[in-house]
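# Coordinate inspection notes
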Amino acid sequence: MSELSATPNNLDTIVNTANIARTISFETSPIEVRAVREDEIHCVADIITRSFHFDRGWMAWFTPLFRLGIAEDLRHRLRPRGSSHNQNQIQQQVCSIAVYTEREQTQVVGTIEVGVRTAERYRQNPHRYVYISNLAVSRDFRRRGVAQELLTNCEQLTQSWGYTELHLHVMGNNTRGRNLYQKLGYEIISVEFVWSILPWHRPERLFLRKQL
Ligand SMILES: CC(C)(COP(=O)(O)OP(=O)(O)OC[C@H]1O[C@@H](n2cnc3c(N)ncnc32)[C@H](O)[C@@H]1OP(=O)(O)O)[C@@H](O)C(=O)NCCC(=O)NCCS
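The text that follows walks through the structure, step by step, so that each part is easy to find. (Residues numbered from 1 in each chain as written. Predicted model: local features only at pLDDT ≥ 70, side-chain atom pairs only at ≥ 80, totals over all residues.)

### Concerning the overall build of the protein
Each helix and strand counted, the protein has four helices and eight strands in total. Listing the helices and strands of the protein from first to last along the sequence gives β-β-α-α-β-β-β-α-β-α-β-β. Counting the 212 residues in the protein, one finds 29% classified as buried. (Helix = DSSP H or I, 4+ residues; strand = E, 2+ residues; numbered from the N terminus. Buried ≥ 20, exposed ≤ 12 C-beta atoms within 10 Å, placed from the backbone.)

Okay, structure coming up:
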């Protein structure tokens with residue numbers, strides 16, 4: 001078992017929300033998809049750091065810093081907002097994790113974030129939409145359907161919030177991600193170009209949507 005092991009405990013779930021826990025069949029052991037707990041945030045930060053290559057080349061020097069920054073950022077985003085009397089309201093920013101259990105040891109093997117974003121805030125009735133980010137699966141657990149389960153969980157959350165569409169960005173050169181989203185029925189609604197200091201290198205970023 002790796003250093004990413006996390007033992008279930010009685011700490012409060014950081015996201016007090018109607019996150020829908022699912023258990024999927026995974027060879028002989030189960031994988032559960034559920035909301036992250038405070039004490040598991042460092043596992044999520046580690047998966048993201050490794051999955052998005054913040055641990056390779058010259059960036060390896062700064063890996064602990066990246067990991068810490070990602071964890072703090074996530075903690076901040078998931079912090080319950082508002083006064084204590086509305087703490088039981090559904091908080092529309094959720095980080096879900098996929099947890100693998102074997103011989104009573106648990107390991108966080110995948111993560112995803114979903115939340116409601118607001119566009120055109122200046123308008124009287126700003127446009128709100130559901131946005132997915134930070135989908136990542138540990139290398140040892142890839143190609144076993146974990147990402148699909150995390151995305152299915154997001155779809156259920158989205159419907160429970162009363163929305164019928166999901167949105168996300170994927171880089172044009174991310175073949176794995178593009179295949180995954182295509183398989184699950186996402187369609188490209190726009191192509192954006194990312195700013196770069198190299199004028200001849202303008203990576204493509206695709207904005208995708210899925211109608212539920
Ligand atoms: C992309 C990623 C999340 C996929 O996770 P995963 O758990 O391996 O995905 P799944 O097993 O659910 O795969 C579902 C489908 O995605 C596509 N896919 C996944 N990995 C792929 C690969 N290496 N090559 C081609 N297609 C791939 C396939 O269509 C696959 O269906 P199939 O197995 O029936 O062919 C994972 O590779 C990852 O963490 N990558 C780094 C981070 C990243 O790119 N995140 C997405 C940012 S938008």
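### Here we look at the nonpolar core
In terms of nonpolar packing, the biggest core is built from 41 residues, with V44, A98, L150 and C154 touching the most fellow members. Aside from chain neighbours lying at most four places away, what touches V44 is V36, L74, C95, I97, V108 and T111. (Core = buried A, V, L, I, M, F, W, Y, C linked by C-beta atoms within 7 Å. Contact = placed C-beta atoms within 7 Å.)

### Examining the site of the ligand
Around the ligand, a shell composed of 20 residues is seen, among which R142, A147, Q148, N179 and L180 lie nearest. When its residues are assigned to classes, the shell around the ligand shows eight nonpolar, seven polar and five charged. (Near = placed C-beta within 6 Å. Nonpolar A, V, L, I, M, F, W, Y, C, P; charged D, E, K, R; others polar.)

### Some words on helix α3 (residues 146-160)
Look at α3: 21 Å from first C-alpha to last across 15 residues, which is about the 21 Å you get at 1.5 Å a residue. Along α3, the residues that are buried comprise V146, A147, E149, L150, L151, N153, C154, L157 and T158. Just downstream of α3, G162 is the residue with a positive phi angle, here 90°. (Expected span 1.5 Å × (residues − 1).)

### A word on the pairing of strand β8 (residues 204-211)
Sheet faces and side chains relate simply in a regular strand, where the side chains alternate between the two faces. Where strand β6 (residues 165-171) and β8 come together, seven bridges link them in antiparallel fashion. Following the sheet pairing, V170 is matched in β8 by L206. (Pairing = 2+ DSSP bridges.)

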